[in-house]
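These are the residues of each chain, in order.
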Amino acid sequence: MLYAILCYDDEAAVGAWTKEEDDACMARLAVVQQNLARQGKLGPVARLLPTTAATTLRKSKDDLVIDGPFAETKEQLLGFYIVDVASLDEALAIARDLAKANPSNGSYEIRPVGVFNPVTAETVEPA
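Thresholds, definitions, all that
Residues numbered from 1 in each chain as written. Predicted model: local features only at pLDDT ≥ 70, side-chain atom pairs only at ≥ 80, totals over all residues. Heavy atoms only, no water. Core = buried A, V, L, I, M, F, W, Y, C linked by side-chain atoms within 4.5 Å. Buried < 20%, exposed > 50% of the residue type's maximum accessible area, 1.4 Å probe, protein only. Helix = DSSP H or I, 4+ residues; strand = E, 2+ residues; numbered from the N terminus. Pairing = 2+ DSSP bridges. Axes fitted to C-alpha atoms, helices over the stretch in contact; angles between N-to-C directions. Parallel < 35°, antiparallel > 145°, perpendicular 65-115°, else oblique. Left-handed = near helix turned anticlockwise from the far one by under 90°. Contact = heavy atoms within 4.5 Å. Nonpolar A, V, L, I, M, F, W, Y, C, P; charged D, E, K, R; others polar. Expected span 1.5 Å × (residues − 1). Arc of directions from axis to C-beta.

**Considerations on the nonpolar core**
So, point 1. Grouped together as the largest cluster of nonpolar side chains are 18 residues, with contacts concentrated most on Ile 5, Leu 29, Tyr 81, Val 83, Val 85, Ile 94 and Leu 98.
So, point 2. Contributions of two or more residues to this core are made by strand E1 (2-9), helix H2 (19-38), strand E5 (76-84) and helix H3 (88-101).
So, point 3. Element by element, the count of residues in this core is highest for H3, at five residues.

Set out below in structure tokens:
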């Protein structure tokens, strides 16, 4: 079963880290990632650039393209993991490991992934 672990945090707080603080956090997260990779459970991982680099397309009668994120919130989506695990409990355990490695006060949203393959027009829903 594929799960997305979406990493939310206060972008301003994380962006204020020194290079040394950021490198230390990334090193701790790398330990979790390497463990998952050895187990064959790690899929794509992405660290997103700041919301100041985002562009949003707002659907309307006349689509509107704007600079910045979709919504103004306290926490922003900073990155994500795709993990291939047997259960939600296992995905939660991984999110807890990621949380322990990250000194910030963010949150992790765990969501099952339904895969759509446009080549075969097949949709695979979570079990």
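**Topic: the sheet that holds strand E2 (residues 42-47)**
So, point 1. Within the open sheet, the four strands sit side by side as E2-E5-E1-E6. Their pairing is antiparallel. Two strands in the sheet have a free side with no partner beyond their single neighbour: E2 and strand E6 (107-112). Taking the axes of each pair of neighbouring strands and ignoring which way they run, one obtains an average angle of 20 degrees across the sheet.
So, point 2. Bridging between E2 and E5 involves four bridges; their strand directions are antiparallel. Note on E5: the bridge partner recorded for Ala 46 is Phe 80.

**Brief notes about the packing of H2 against H3**
So, point 1. At their nearest, the axes of H2 and H3 sit 8 Å apart, and the two run at 155 degrees to each other. In this view, H2 runs roughly antiparallel relative to H3, as classed from their interaxial angle. The two elements H2 and H3 cross, and the hand of that crossing is right-handed. Contacts from Cys 25, Arg 28, Leu 29, Val 32 and Leu 36 in H2 reach Ile 94, Asp 97, Leu 98 and Ala 101 in H3.
So, point 2. Of the residues in the contact of H2 with H3, the class split is seven nonpolar, no polar and two charged.

**Observations concerning H2**
So, point 1. Here H2 is 20 residues long and its end C-alpha atoms lie 28 Å apart, about the 28 Å a rise of 1.5 Å per residue gives.
So, point 2. Turning to H2, its buried residues are Asp 22, Cys 25, Leu 29, Val 32 and Leu 36. Within H2, the buried residues cover an arc of 90 degrees as seen down the axis, which keeps them to one side. For H2, the exposed residues lying more than 90 degrees away from the buried face are Lys 19, Glu 20, Val 31 and Arg 38.
So, point 3. Where the residues of H2 are buried, they touch E2, E5 and H3.

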